[in-house]
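# Topology and contacts: notes
Listed below, chain by chain, are the residues.
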Amino acid sequence: METNLPAEYYQLLEELQAVDFVLVELTLYLDTHPNDTASIQQFNHYAQERKKLKKAIESKYGPMQQYGNSYSGTPWDWNKAPWPWQV
Amino acid sequence: MKYVKSYVPYHSPFDPCPPIGKKYYRTPPHLYMTFQPYNLPQFSPQEALKKGTLWPALYDYYENPYDRRS
Amino acid sequence: MWIYEKKLQYPVKVSTCNPRLAKFLVEQYGGADGELAAALRYLNQRYTIPDKVIGLLTDIGTEEFAHLEMIATMIYKLTKDATPQQMRDAGLDAHYANHDSALFYHNADGVPFTAAYIQAKGDPIADLYEDIAAEEKARATYQWLIDMSDDPDLNDGLRFLREREIIHSLRFREAVEILKQERDQKVFF
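Below is a summary of the structure that appears in this document. (Residues numbered from 1 in each chain as written. Chains lettered and ligands numbered in written order. Predicted model: local features only at pLDDT ≥ 70, side-chain atom pairs only at ≥ 80, totals over all residues.)

## Looking at the overall build of chain C
- Within chain C one finds 8 helices and 0 strands.
- Put simply, chain C runs from its N terminus to its C terminus through helices and strands in the order α-α-α-α-α-α-α-α.
- Relative to a compact globule of 189 residues, whose C-alpha radius of gyration would be 16 Å, chain C shows 18 Å and is just as compact.
- Its C-alpha atoms give chain C principal-axis dimensions of roughly 65 × 30 × 30 Å.
- In chain C, which comprises 189 residues, the share counted as buried stands at 47%.
- A separation of at least 24 residues holds for 77% of the contacts in chain C among residues at least 6 apart in sequence. (Helix = DSSP H or I, 4+ residues; strand = E, 2+ residues; numbered from the N terminus. Rg over C-alpha atoms; globule rule 2.2 N^0.38 Å. Buried ≥ 20, exposed ≤ 12 C-beta atoms within 10 Å, placed from the backbone. Contact = placed C-beta atoms within 7 Å.)

## A short note on unusual backbone geometry
- Residue Pro75 of chain A follows Thr74 of chain A across a cis peptide bond; omega there is -5 degrees.
- Cis peptide bonds are those with omega within 30 degrees of zero, and the linkage from Ala81 of chain A to Pro82 of chain A qualifies with 0 degrees.
- One can find Pro82 of chain A in the segment after α2 (37-61).
- Not every positive phi belongs to a glycine, and Asn39 of chain B is a case in point at roughly 60 degrees.
- Turning to its location among the elements, Asn39 of chain B is positioned in the loop between β2 (23-26) and α1 (45-51).
- Overall, Asn39 of chain B belongs to the exposed group, with 9 C-beta atoms counted inside 10 Å.
- Not every positive phi belongs to a glycine, and Asp100 of chain C is a case in point at roughly 55 degrees.
- Accessibility expressed as a C-beta count within 10 Å gives 10 for Asp100 of chain C, which makes it exposed.

## Some details on the interface of chain C and chain A
- Each side of the interface is counted separately: chain C has 23 residues, and chain A has 16 residues.
- Within the residue set of the side of chain C that touches chain A, elements represented by two or more residues are α4 (54-79) and α8 (152-180) of chain C.
- The greatest single-element share of the side of chain C that touches chain A, amounting to 9 residues, is contributed by α4 of chain C.
- Its residues placed into classes, the side of chain C that touches chain A shows 12 nonpolar, 3 polar and 8 charged. (Nonpolar A, V, L, I, M, F, W, Y, C, P; charged D, E, K, R; others polar.)

Here it is, written out as structure tokens:
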């Protein structure tokens, strides 16, 4: 199946990838620095940011996660292409 | 290029390939940091993603150090 | 349990249809120091290590699966729509005969993945030093791959993965420090 995703999709996705990357870095860092309160605050801030971004992407391009971690449209839209390696 | 090191391997007159000159290896920034200190300066999220780390102090750009010989 | 997310950790791009690069890259897919071995090694060590470092092993092990998906994406894009003749010219004739363009967990020499790549000694220090060595070996592999690749977009993704090995290695070193239990006596900060 060929679909041309709008440039906005790639832009939104990259915004989420950037925020999620900060969260990955802070997660590993906090695993070895559990008492760094400033980093914990920063972590919680970006955790909120990623929620907003996830919602924005899902409202236009369908669920990012499943098993109930995202809502479904009708019909079931989780298995709709494209998948991450295809885009 | 603090993290790029090199040595010159012995070259015998009976080695058929022309000498490569310096042989390079890397000693990346984490080797100088036993435990990451608090409050290191950070990249912006976009830049951190591009670089592969949140902290400039741990960033080490890699490029092929050898000339292309054909 | 694990939840899949429908996105790559990093936006993977490749510039050209180049199956030859895919042939090298598979080292990080099914090789001894590849992403699959890394993920399985760390997740498996969690059951026999002090609680303090289980979180770190879980999180790095999970990130390795994201890297595995990036490598798979690179291989997929480098070989997608390649003709049998192109596969043959790239030295992928034996692979094509067995797998068409399917991915397979083997190294760049075609040796199938084996559990023997994943050490588990049950000694926390021995296992963490194993992990540090694994990260440095993966970092070196990424360097040799970048040295041989002339695809700027591919190298961009490979540099990201190489940098991640540096961060993981540091975190494992910190885990060793934590297990030495000297952090309270020493002034680190």
